[in-house]
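Here's the letter readout for the chains.
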Amino acid sequence: GAGVSQSPRYKVAKRGQDVALRCDPISGHVSLFWYQQALGQGPEFLTYFQNEAQLDKSGLPSDRFFAERPEGSVSTLKIQRTQQEDSAVYLCASSFGQGSYNEQFFGPGTRLTVL
Amino acid sequence: EDQVTQSPEALRLQEGESSSLNCSYTVSGLRGLFWYRQDPGKGPEFLFTLYSAGEEKEKERLKATLTKKESFLHITAPKPEDSATYLCAVCNAGNNRKLIWGLGTSLAVNP
């Protein structure tokens, strides 16, 4: 079956613009995670959904970041008034079970460049 | 504070030259330790989960081991296709909603 997909794969935004990043998880996966990965770094947790409920958003760096998963499948990460420090790869992952102790399946990521 | 430290940052091996990658961790209660592989331009790919000290898991040329303070990823007779960044992450039993990740070890295997 299809894996996790993300779109767009690449996004260039001017500072101050709003962007929306989409994640299509594997069908039936309960858990969905968003991560931010800077060049040469490991992924940094942003937020976690269990079905449609956002159970942990402690990693969102500021109130300019907002994520939703309204029907418990597709998720969108929105960044308002983008800043240069937002430039990174944004990874989405899904897993069948609840929580982080199950295998996570990652998408290819969206590379965001803010000019 | 939960923390994961990986060493070395980068490793270059000749094809067939075995070695080990290290992942040291501090966590108040380990729920699981994970190894992932990441190729350039792609998302991480799951390799292993280890749950308790003394546990070992193998897959092809890779073998992961776990103690109470660290994990090793042993690579036996590596091939050029094993070149990638290897990431280690831990899940805290007290907060199983997120993984704490290391910075990774970049492995290059020369033919």
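Since this is a predicted model, take the numbers as computed values, not measurements. (Residues numbered from 1 in each chain as written. Chains lettered and ligands numbered in written order. Predicted model: local features only at pLDDT ≥ 70, side-chain atom pairs only at ≥ 80, totals over all residues. Heavy atoms only, no water.)

(A) Spotlight on the state of the cysteines. Residue and element names in this part refer to chain A. Taken as a whole and judged by the stated rule, the model has 2 disulfides over all chains. Sulfur-sulfur distance for the disulfide between C23 and C92 comes to 1.9 Å. Handedness here is read from the sign of the S-S torsion; for C23 and C92, about -65°, the answer is left-handed. Taken together, the residues span a long stretch of sequence, with C23 in strand β3 (residues 19–24) and C92 in strand β9 (residues 88–95) at a distance of 69 residues. When sorted by exposure, C23 lands in the same class as C92, which is buried. (Disulfide = S-S within 2.5 Å. Helix = DSSP H or I, 4+ residues; strand = E, 2+ residues; numbered from the N terminus. Buried < 20%, exposed > 50% of the residue type's maximum accessible area, 1.4 Å probe, protein only.)

(B) Molecular detail of the sheet that holds strand β8 (residues 75–79) of chain A. Residue and element names in this part refer to chain A. The strand order β1-β3-β8-β7 describes an open sheet built from 4 strands, whose pairing is antiparallel. Both outer strands of the open sheet, β1 (5–7) and β7 (65–68), are each paired with one neighbouring strand and no more. Sheet twist, expressed as the mean angle between neighbouring strand axes with direction ignored, is 15°. As paired elements, β7 and β8 share 4 bridges and run antiparallel to each other. Across the sheet, residue E68 finds its bridge partner in β8, namely T76. (Pairing = 2+ DSSP bridges. Axes fitted to C-alpha atoms, helices over the stretch in contact; angles between N-to-C directions.)

(C) Fine view of the pattern of salt bridges. Residue and element names in this part refer to chain A. The tally for this structure, following the rule as stated, stands at 7 salt bridges over all chains. Between D24 and R22 there is a salt bridge, and its shortest N-O distance comes to 2.7 Å. Taking the relative accessible area as the measure of exposure, D24 reaches 23% and is therefore partly exposed. (Salt bridge = Lys/Arg side-chain N within 4 Å of Asp/Glu carboxyl O.)

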